[in-house]
Amino acid sequence: MHHRLSDPSRRPRLTRLALALALTMGSSAAFAQSNASGVIFGHLAQPEGATVRIQNLDTGLTREIGVDSQGRYRAASLPVGRYRVTIERDGQTVESRDNVQVTLGGGVDVSFEEGAAAAKTLEGITVTGNSLPAIDVSSVDSRTVLTAEQLQKLPVARDVTAAALLAPGVIAGDSRYGNVASFGGASASENQYYINGYAVTNALTGLGFTSLPFDAIDQQQIFFGGYGAEYGRSTGGVVNIVTKRGGNEWKAGVGMYVTPQYFAQSPRSVYRTNGQLYQYRGSNKTSAMQYTGYLSGALIKDKLFFYGAGDFTRTTGHTVGTILAPQDAGEVSKATKWLAKVDWNITDNHIVEFTGISDQTDIDRSIYAYNYSTLQATNYLGTDKLKNYDAGPGSAPGGDVYIGKYTGYLTDSLTINALYGRSETDHERRLGYAGSSNCPWITDSRSDASSVIVGCGMVNGTVLGPGAKDKTHGWRFDVEYQLGSHDLRAGVDNQTLESYSGRQYEGGYRWVYRNAGTVPGRPDIQPPAGTQYFVEKRLFQTGAAVRTEQEAQFIEDRWQMNDRWMLYLGLRNEQFKNLNGDGQTYVAQRHQLAPRLGLTWDVFGDSSFKMYANAGRYHLAIPSNVAIRGASASTYYSEYYLYDGVGPNGEPLNLQQLGSRIYLNGEDGTTPNPQTVAAKNLKAYYQDEYILGFDKTLGTDWTWGAKLTYRKLLSSIDDFCDSRPFEKYAERNGIDISNASIPGCYLFNPGESNTFLVDVDGQGTLVPFKLTKQDFVTPEGVGFPDLKRKYYALDLYLEHQFNDKWYGRVDYTFSRSYGNSEGQLKSDIGQLDPSVTQDWDAPEIMQYTNGPLPNDRTHQLKAYGYFQATPEWLFGANVSVASGRPKNCIGVDPVDAIQYGASYFECNFQPSPRGSRGRLPWTYQLNLNTEYRPLWAGASQPLAFTVNVYNVLGKQEEIGIIEVGETGAVDAQGRPIKSREYQRPIAFQKARYVQFGVRYDF
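About the thresholds
- Residues numbered from 1 in each chain as written.
- Predicted model: local features only at pLDDT ≥ 70, side-chain atom pairs only at ≥ 80, totals over all residues.
- Heavy atoms only, no water.
- Buried < 20%, exposed > 50% of the residue type's maximum accessible area, 1.4 Å probe, protein only.
- Helix = DSSP H or I, 4+ residues; strand = E, 2+ residues; numbered from the N terminus.
- Contact = heavy atoms within 4.5 Å.
- 1 Å grid on protein atoms, 1.4 Å probe; cavity = no way out; pocket = protein on both sides within 12 Å on 5 of 7 lines; lining within 4 Å.
- Points joined across faces, edges and corners; volume = space filled by probe spheres on them.
- Nonpolar A, V, L, I, M, F, W, Y, C, P; charged D, E, K, R; others polar.
- Pairing = 2+ DSSP bridges.
- Axes fitted to C-alpha atoms, helices over the stretch in contact; angles between N-to-C directions.
- Disulfide = S-S within 2.5 Å.

Student: Any chance you could explain helix α5 (residues 724–733) here in plain terms?
Tutor: The α-helix advances 3.6 residues per turn, and as a result positions three or four apart in sequence lie on the same side. All of the buried residues in α5 are Arg 724, Pro 725, Phe 726, Tyr 729 and Ala 730. Looking at the packing, one finds that the buried side of α5 touches β44 (718–720), β45 (746–748), β46 (754–759) and β47 (766–771). At the exit of α5 stands Gly 734, carrying a positive phi of roughly 65°.

Right, here's the structure in full:
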């Protein structure tokens, strides 16, 4: 949102407009600002002998700025907040402006002309009712900025992701990835998150971020395109948060928010498509109680300030599991978040700030068996205790973060910023069984069984290994210098991510009961005639300490070419290095150049109509999790058995092995040679983006605009797990590989020719194999397609500025996200392995994959706003409407050379192209809120009562289904066996619930 105040009578002037464009927001982040500050600038009609004095009204921070011969002045890298701007001559005040709001990444033009002020807020959110909502002619990026006041007045859930979803083109990610968002068609792991300038993105997978007390957010900035050279390591979006800080006046406040289950709608139960109940969810409700508080003030007036805030949330409830894992889990979750911030104005030219953040969540579950005949819990199974870990979704980083920052105003034209930060997160999961300690994962995939085989396990999946931990440390330094009509900035941005993590099957093994038959690609498995069922045994185990080193340098110039045209030029140079569990580098990428270009045109020269365009390249590093499995030692094997009984823990009895053990993906417990893990000269993951748009005022209170966005993923990184290309190359070139050591999977750039080093004799003799695209073609003539992920969108918006009564905004987005690869994730099956998905593992798996991708929502309509009906009563609304997600049928391939079973875009051995099975239903969401601030509590109205109702209409449409349509086996006639789970829902819209709140500010 780009709003500013303006004097409609002003005449366009070259000097003033040049200054406005050169000092405010450009085609990326804040216009020549760090990602946690703003700027005040302006023009004086009579500059002779004048000095500009800028003072923060809360902290007393004061800067005296000189005025050049053309009457221009500028104060850069100011902490966000309220300021007084005063013009002085000979020590006497000539004129001043109070309550000048500096916003995150924004510029405020405070000009004094002929004795009359023309103050306009170029990047603000709140404007006064009698102000012209002129267009920000300097900005060419795509962003939304939400202030603490807006977050309080709008009916959005009290979390960062819910606020980000207000922005156009942003949708919720697959439910299996947790509370994360997808920006502009990218997968949900391709975003970056910052708090006070430091990246707090999940260090292992890129999914999610370390959070903070919601009321500690001063401003939240959401970039969903066009951001410039300051930002990198993102091909999705950027969420940038600046926290509140202390001032000279001591303040405190407390709050309580209650979400009782008694007012909550019952969630929908899950049924298979044949009408069979799969999961009873009617009583899966929770109650939550959140206590909040803050304290801020001056430890030393005008010098040293403190701000502290905390949230404590206790959530209770229980969840009934599925008929395959019939359990009733009672849960108590305790989430503790705090933030402490100290700001020290050493002098008016040197300021230092320190931030500490803690985000810790402990979950205690008591697990009982569940009887689906009586819909009652039965015997006690044990406990499941978790810390900073969500057993279901994939994003719950938590942890502690510490940040230090220095800003130095060395001269009126020269400013430096330096920042250092670090974080640390422990992840734990402890299972305590009440009965047998041998409780493996049991899966009953028989399609015609009269009863379901269940075990004593409580997870029935993979579990986190012991000792899991994430750590990060990083620093950045930038210098800003104004030289005539050029605003120059250069900086360094480095961060190191370290993780120890691993996963394994609960109980050590997984037993999968199947209908007997032949297994594609496994001729050694021949069950005797008349065998009805057999069982597959799988073992999976990983664990390693890995590290990713990310370095970048950037330079940018914002050049005001004339009174109506501004050009932004930026260049970012990225370097990425990934190390495996033995500390060895397996991928190193240097000189990843990312140019950025932006252009704005103030059509009429009065900021009432702006056209803008930008183009840029954006890189993304390989996530650290890749090394856990792809570059470090891991074990993953499959065995098949006959059996003639089932034990009380669900394990098969009296086993008779069929065929031999097969190590899947070559994961046999040995560490692969780091030189053989990835293709040589592996190109980074990168995307190009182009934006063209305009903004136009309508009268004094309205703004509207349109924007076209095009994104194209030009290079991806994933793995393939097929030895046939090496065999083909060796035969063509007369190379003996009968004793070769070939890893199960290689990292490569999909859809391109790649060169790999192969240990041809098993003794370390490495020979380059220059595999062309033709080498990847199978004997049946199936080859890899070119990589394809494209996104295009048309965004339209209409916005009404707040005018003492109401504020509102409506966004409509028509978009398409299509291709053969989602990116780093695979939402088709909810795979939690960024950059090592099963996509591209063999050519057959990429057949028929071109089509609408999982994050495609063709139509989106978002509207939100609030109405101040009386001084005591406020009402807010938030509406979201979106078309449904594409549906697929994933099944068995006749060849299945890599033994992946039902993993192909084929069903009944026929092509089933991506997106060919229709769409999930449209979703409709309406949230409403009201706030009552009684006058009887005091003139300042410190007491507030709130009620928020989420999903007022009670819509619970399907937002995710099982898209695997076959079991992976074939029957006696050689036909694929259909899965009874196909199209079973896995997620619905969250049921309606009500939150009551009360706040008091002292």
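Student: What is the right way to read empty space enclosed by the protein from this model?
Tutor: If a probe the size of a water molecule is rolled over the atoms, the empty space left behind becomes visible. Inspection of every chain in the model, using the stated rule, returns eleven cavities of 30 Å³ or more. What the second largest cavity holds in volume is close to 210 Å³. Contributing to the lining of the second largest cavity are 21 residues, with Gln 192, Asn 202, Gly 206, Leu 497 and Gln 550 lying nearest its centre. When residues of the lining of the second largest cavity are traced back to their parent elements, those giving at least two are β30 (486–501) and β34 (544–560). Looking at the lining of the second largest cavity residue by residue, the class counts come to eight nonpolar, twelve polar and one charged.

Student: Where do I start with the sheet that holds strand β2 (residues 50–56) in this structure?
Tutor: Pairing between the strands of a sheet is mediated by backbone hydrogen bonds and can be parallel or antiparallel. Strand order across the open sheet formed by four strands is β3-β2-β5-β6, with antiparallel pairing between neighbours. Taken across any chain shown, the strands that pair with only one partner, and hence form the sheet edges, are β3 (62–66) and β6 (92–102). Neighbour to neighbour, the strand axes of the sheet diverge by 20° on average, direction disregarded. Pairing of β2 with strand β5 (residues 81–89) involves seven bridges; the strand directions are antiparallel. Each bridged residue has a counterpart across the sheet, and for Gln 55 the counterpart in β5 is Arg 84.

Student: What am I meant to see in the state of the cysteines here?
Tutor: When the sulfur atoms of two cysteines share a covalent bond, that bond is a disulfide. By the definition in use, this model includes three disulfides. Paired by a disulfide, Cys 439 and Cys 456 hold their sulfur atoms 2.1 Å apart. One quick way to see it: the torsion about the S-S bond of Cys 439 and Cys 456 is about -110°, and its sign makes the bridge left-handed. Residue Cys 439 is located in the loop between β26 (428–433) and β27 (441–444), and its partner Cys 456 is located in the loop between β27 and β28 (462–464); the two are separated by 17 residues in the primary sequence. We classify Cys 456 as buried; its relative accessible area is 16%. Here Cys 721 pairs with Cys 745 through a disulfide, and the sulfurs are 1.9 Å apart. What sets the handedness of the Cys 721 and Cys 745 disulfide is the S-S torsion sign, and at about 105° it is right-handed. Of this pair, Cys 721 sits in the loop between β44 and α5 while Cys 745 is found in the loop between α5 and β45, placing the two residues 24 residues apart along the sequence. In this structure, Cys 721 and Cys 745 share a single accessibility class: buried.

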